[in-house]
Amino acid sequence: MTAAGRGSTTIADKAVRKIAEGAAREALPDSMVSRPRGSATVQGRRATVAVRAALPYPAPLSDTARQIQRHVAERTRQLTGLEIPLPRLAVTGLESHQVDSVPPANEPQGARAAQRRWWSARRVPTALLILAVATGCAAVTADVIRVHTTGHAAAPWRAYAVNWLAGHRSGDLGTTVDALVVAAVGVWLLVLALTPGCRRQLTLLTAGGPRESVAIDRSAMAALVKDAVGSVDGVEAVRVRAGRRRFTVRTRLAFGERETALRQATEAAERTLNACLLRRAPRCRVFVTPAPTWASPQQAADDEPFAEKGPTA
């Protein structure tokens, strides 16, 4: 029987997405609470896959991410028969779990590289623009067909629009305002088309080159920095504001030297950010504010004899 007579098999995007999510769960420890989420697009014999998942902590972030990418690609390729490149992996969080994540012995030791930024799919703006244009075109087309098939007059809204356009010149206030609104929408669409978006995600360095694309959400980085700074002696509260280029850490000191706590907290935050192997390590600013009950070690030492002596008769 010829190939045309045997028919063809089409694999839906949803099926590939389910398989990729299952493969990601296989690569993660069984005790992980959050479930990976993914997306897939099938084009002929090739499929593009993206996965969003939380990673176990503590573990080497880049090595664990690369292992998940490769397992998802190989497992999905095995079960679907499609050509699956390395998927995009977005790290959405970190979960406390003891795991040994050791890179394979044959790990290529190439120059580390990474994509500069991830490009957003812009699904919401695209859907809104398509919906608005399609609604207008469908309304005009339906009214034109109705006029030519039934012989009725044009719809009042279309007649009003034509008369309004015919009665307004380019110098009128209403025309100028409408033109400015349309121009602003056009500039907004151009900005969306020319900027990558995904501002909440930071790309990581990978040993396999730009083909391996891994990113981590800034909220996950903020949680990691918060845990590291919170382990400093004397720190009782930590707040982290994660920006794209700068992390701001504000701590409250319960006891101990303020200068020592500031130095240790800064070192802990910078060490954590550098260990994640971000493509561009953000700057880190740390502020230490004494708690209302805080007292310097010298002042506490001066007050201690009086506290031990107690009142005299």
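This text gives an overview of the structure that appears in the document.

About the cut-offs
Residues numbered from 1 in each chain as written. Predicted model: local features only at pLDDT ≥ 70, side-chain atom pairs only at ≥ 80, totals over all residues. Heavy atoms only, no water. Buried < 20%, exposed > 50% of the residue type's maximum accessible area, 1.4 Å probe, protein only. Helix = DSSP H or I, 4+ residues; strand = E, 2+ residues; numbered from the N terminus. Pairing = 2+ DSSP bridges. Polar contact = N/O pair within 3.5 Å; in protein donor to acceptor, adjacent residues only side chain to side chain. Expected span 1.5 Å × (residues − 1). Contact = heavy atoms within 4.5 Å.

### What about the pairing of strand β5 (residues 214-217)?
Part 1 of the argument: Residues Val214 and Ile216 of β5 are buried on one face, and the alternating residues Ala215 and Asp217, pointing to the opposite face, are buried as well.
Part 2 of the argument: The sheet contact formed by strand β3 (residues 88-96) and β5 spans 3 bridges and is parallel. Bridging across to β5, Leu89 finds its partner in Val214.
Part 3 of the argument: Judged from the 3 bridges that link them, strand β4 (residues 201-203) and β5 form a sheet pairing that is antiparallel. For Thr203, the partnering residue across the bridge sits in β5 and is Ala215.

### Quick notes on the side chain of Gln69
Part 1 of the argument: Within the element layout of this structure, Gln69 appears in helix α3 (residues 61-80).
Part 2 of the argument: With a relative accessible area of 2%, Gln69 lands in the buried category.
Part 3 of the argument: Engagement of the side chain of Gln69 in a polar contact is seen with the backbone oxygen of Pro87, the distance being 2.6 Å.

### Side note on α3
Part 1 of the argument: The terminal C-alpha atoms of α3 lie 28 Å apart, and with 20 residues this matches the ideal 28 Å at 1.5 Å per residue to within 8%.
Part 2 of the argument: Restricting attention to buried positions, one finds in α3 the residues Leu61, Ser62, Asp63, Thr64, Ala65, Arg66, Ile68, Gln69, Val72, Ala73, Thr76 and Thr80.
Part 3 of the argument: Where α3 is buried, its residues contact α2 (13-27), β2 (46-57), β3 and β5.
Part 4 of the argument: A positive phi of about 80° marks Gly81, the residue just after α3.

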